[in-house]
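# Coordinate analysis (summary)
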Amino acid sequence: MRIPFNKPYMTGKELEYISQAHAYGHLSGNGPFTKKCHLWLEERIGCKKALLTHSCTAALEMAAILADIQPGDEVIMPSYTFVSTANAFVLRGGVPVFIDIRIDTLNIDETKIEEAITSKTKAIVPVHYAGVACEMDTIGAIAARHGLLVIEDAAQGMMSAYKDRPLGSIGHLGAYSFHETKGIISGEGGALLINDSHFNELAEVIWEKGTNRSKFFRGEVDKYTWQHIGSSYLPGELISAFLWAQLEEADTLTLRRLEVWENYHKQFESMEKAGVLKRPVVPDECRHNAHMYYIILPDLKTRTYVLDNLNDRGIKAIFHYIPLHSSPAGKKYGRVHGNLNVTLSLSDRIVRLPLWVGMEHEKVTEVVSAVSHALSV
Ligand SMILES: *Cc1c(COP(=O)(O)O)cnc(C)c1O
């Protein structure tokens, strides 16, 4: 492809830090670089505790264990999301309850949450789509009224904010992804953010295979043993060293993504005015991170035509998600509440466009022209 969908950006310090970790000789998890990353996240995000994981998927699985999800417990989430949002809870026997999304932000429709709550509901999982925040005040108030946990799937939300509060710091728990398709990367990687400190101790146990090894290393106990269910959720030091190079540049990387996003947004303005497509909506209370740029086309036929056209010109544009409620596993393990008309309609009409740090102005212009040409406007 002449214009790929994504180009992972490297700051230039990654290998230097990896070689420092190598020289230091601590290669397993929870070494000096992991601790630096934890501290950075705790200070920047303002969470009570951060734990690096080997993926956001892993962080969501930890959250499901912390939430003490038991067979039959229900978890309310959008159907329009990545598989891991639901799978993490299904692994514990939980039942994802899929509800519809908002037509403007493609985030969970907060006005449909309360009617989906039953005596089995344990948690609400808002997914901050494209790094634009869900309506967290409303979601928090509903959760408080019904005694539910809020677990933010902030895989796409690092460096974004809702009313000046960093995403991932608002619910009881939050999960980040550092997958190479996200804004801050370590290849595969993630973090669990704990905002309710009563989870701190158990989270460390779950992270370290269900043992109190972290306490042992701090000299707080004289031997460590199996305490709870858990797994090996921590990344090795080489990954943490790589991530450290990215965290140091997190502000710059985000600003540079935003430049590309703004460029697309400006160039698509006239096509939106002409009524041939819709651009992303960012509510006033949200500061976003330019995780992705997408457009919404009138129907599936137009979407297929535009995608084929762009790909023929060497421009890698894609779509997602197959709504989870219509997937084989979603049908088997989840249930739907209400109609999912917005989900079904938007998932047929969305096109995600190439975006990476340092994407040249001319390339953005070329993508916009190709879309304009395909739509014959
Ligand atoms: C990327 C993503 C995940 C999974 O992240 P990994 O780090 O690849 O496990 C989960 N949820 C959402 C919404 C995502 O975009």
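Residues numbered from 1 in each chain as written. Predicted model: local features only at pLDDT ≥ 70, side-chain atom pairs only at ≥ 80, totals over all residues. Heavy atoms only, no water.

### What about the overall build of the protein chain?
Inclusion rule: Working definition: helices are DSSP H or I runs of at least four residues, strands are E runs of at least two. Numbering for both runs from the N terminus. Taken over C-alpha atoms, the radius of gyration is set against a globule rule of 2.2 Å times the number of residues to the power 0.38. Buried residues are those whose accessible area, probed at 1.4 Å on protein chains only, stays under 20% of the maximum for their type, while exposed residues exceed 50% and partly exposed ones sit between those limits. We call two residues in contact whenever any of their non-hydrogen atoms come within 4.5 Å of each other.
Looking only at helices and strands, one finds 14 helices and 13 strands in the protein chain. The C-alpha radius of gyration computed for the protein chain amounts to 21 Å, which stays within 12% of the reference 21 Å derived for 377 residues, consistent with globular compactness. Seen through its principal axes, the protein chain has C-alpha atoms that stretch 70 × 55 × 35 Å. Here the protein chain, with 377 residues, has 57% of them falling under the buried criterion. Nonlocal contacts in the protein chain, meaning residues at least 24 apart in sequence, comprise 70% of its contacts between residues at least 6 apart.

### Section: the sheet that holds strand β3 (residues 95-99)
What counts here: In this analysis, strands are considered paired if DSSP registers two or more bridges between them. What counts as an axis is a line fitted to C-alpha atoms, over the stretch in contact for a helix, and the angles between N-to-C directions run from 0 to 180 degrees.
If you walk across this open sheet you meet the 8 strands as β1-β9-β8-β5-β4-β2-β3-β12, and the pairing is mixed. Because the sheet does not close on itself, it has two edges, and the strands there are β1 (49-53) and β12 (335-336). One ladder, built from 3 bridges, connects strand β2 (residues 74-78) with strand β4 (residues 121-124); its direction is parallel. Looking at the pairing, Ile 76 lines up with Ile 124 of β4. Sitting on the sheet, helix α4 (residues 83-90) touches β2, β3 and β5 (149-153), and the angle it makes with β2 is about 175°.

### Quick word on the pattern of salt bridges
Using the following cut-off: One side-chain nitrogen of Lys or Arg within 4 Å of one carboxyl oxygen of Asp or Glu is enough to make a salt bridge.
Applying the stated criterion across every chain yields a total of 19 salt bridges. The salt bridge partner of Glu 110 is Arg 102, with a shortest N-O separation of 3.1 Å. Relative accessible area serves as the criterion here: at 11%, Glu 110 is assigned to the buried category. A salt bridge links Glu 220 to Arg 218, with the nearest nitrogen and oxygen atoms 2.7 Å apart. Under the relative-accessibility criterion, Glu 220 is labelled partly exposed at 46%.

### What about the packing of helix α3 (residues 56-66) against helix α6 (residues 200-207)?
What counts here: Throughout, the term roughly parallel applies to angles under 35 degrees, roughly antiparallel to angles over 145, roughly perpendicular to angles from 65 to 115, and oblique to all others. Take the far helix as your reference; a near helix turned counterclockwise from it by less than a right angle gives a left-handed crossing, and one turned clockwise gives a right-handed crossing.
Their axes nearest at 10 Å, the elements α3 and α6 cross at an angle of 125°. It follows from the interaxial angle that α3 and α6 lie oblique. When you trace α3 past α6, the crossing you get is right-handed. Each of Met 62, Ile 65 and Leu 66 in α3 lies in contact with α6, whose residues at this interface are Leu 202, Ala 203, Ile 206 and Trp 207.

### A word on the packing of aromatic side chains
The line we're drawing: Think of it this way: a Phe, Tyr or Trp ring, Trp meaning its six-membered ring, pairs with another when their centres are within 6.5 Å, and the plane angle makes it stacked under 30 degrees, edge-to-face over 60, tilted otherwise. The rule for a charge over a ring is simple: NZ of Lys or CZ of Arg within 6 Å of the ring centre, and within 35 degrees of the ring normal.
Enumeration according to the criterion identifies 12 aromatic pairs in this entry. Ring plane angle 10° and centroid distance 6.2 Å describe the contact between Tyr 264 and Phe 268, whose orientation is recorded as stacked. Take Tyr 264 and Phe 268: they sit in the same class, and that class is buried. The class for Phe 268 is buried, based on a relative accessible area of 0%. Its guanidinium or amino end placed over the ring of Phe 319, Arg 303 lies 4.0 Å from that ring's centre, counting from NZ or CZ.

### Some words on the environment of Leu 27
One can find Leu 27 in the loop between α1 (14-24) and α2 (32-45). Along the backbone, Leu 27 and Tyr 80 are 53 residues apart, and their C-alpha atoms lie at a distance of 38 Å.

### As for the site of the ligand
Heads up, the rule is: The rule for a residue being near a molecule or strand is that one of its heavy atoms must lie within 4 Å of it. Here a polar contact is recorded for every N or O atom pair within 3.5 Å, except that within protein the pair must consist of a potential hydrogen donor and a potential acceptor, and residues adjacent in sequence are included only if both atoms are side-chain atoms.
Around the ligand sit 15 residues, and of these Thr 57, Asp 153, Gln 156, Ser 177 and Lys 182 come closest. Asp 153 places a polar side-chain atom, nitrogen or oxygen, 2.8 Å from a nitrogen atom of the ligand. Within the side chain of Ser 177, one N or O atom sits 2.7 Å away from an oxygen atom of the ligand.

### Digging into unusual backbone geometry
For the bond running from His 320 to Tyr 321, omega is -20°, close enough to zero to count as cis. With respect to the element layout, Tyr 321 can be found in the loop between α11 (300-312) and α12 (328-333). The backbone phi angle of Lys 163 is positive, close to 45°, even though this residue is not glycine. Its identity is not glycine, yet Lys 209 carries a phi of approximately 65°, on the positive side. Counting through the fold element by element, Lys 209 comes out in the loop between α6 and α7 (213-217). The partly exposed category is assigned to Lys 209, whose relative accessible area is 35%.

### Some words on the domain arrangement of the protein chain
For clarity, the threshold we go by: Where each domain begins and ends follows an automated or database-derived domain assignment. Summed over both partners, buried area is the accessible surface (1.4 Å probe) that two parts give up on being assembled.
With domains assigned, the protein chain is organised as domain 1 (14-248) and domain 2 (250-374). Taking only C-alpha atoms into account, the centre of domain 1 sits 25 Å from that of domain 2. Contacts between domain 1 and domain 2 engage 48 residues on the former and 36 residues on the latter. A combined buried area of about 3,600 Å² lies between domain 1 and domain 2, and 58% of that area is made up of carbon and sulfur atoms. Its largest share of buried area at the contact with domain 2, domain 1 owes to Tyr 80, Phe 98 and Asp 100, together 17% of the area lost on that side.

### With respect to helix α13 (residues 341-349)
So the rule is basically this: An arc is given here, and it is the one of the directions from the helix axis to the C-beta atoms.
For α13, the complete set of buried residues consists of Val 342, Thr 343, Leu 346, Ser 347 and Arg 349. Seen end-on, α13 carries its buried residues on one side only, within an arc spanning 165°. Residues of α13 that are buried in the fold lie against β3, β11 (293-296), α11 and β13 (350-353).

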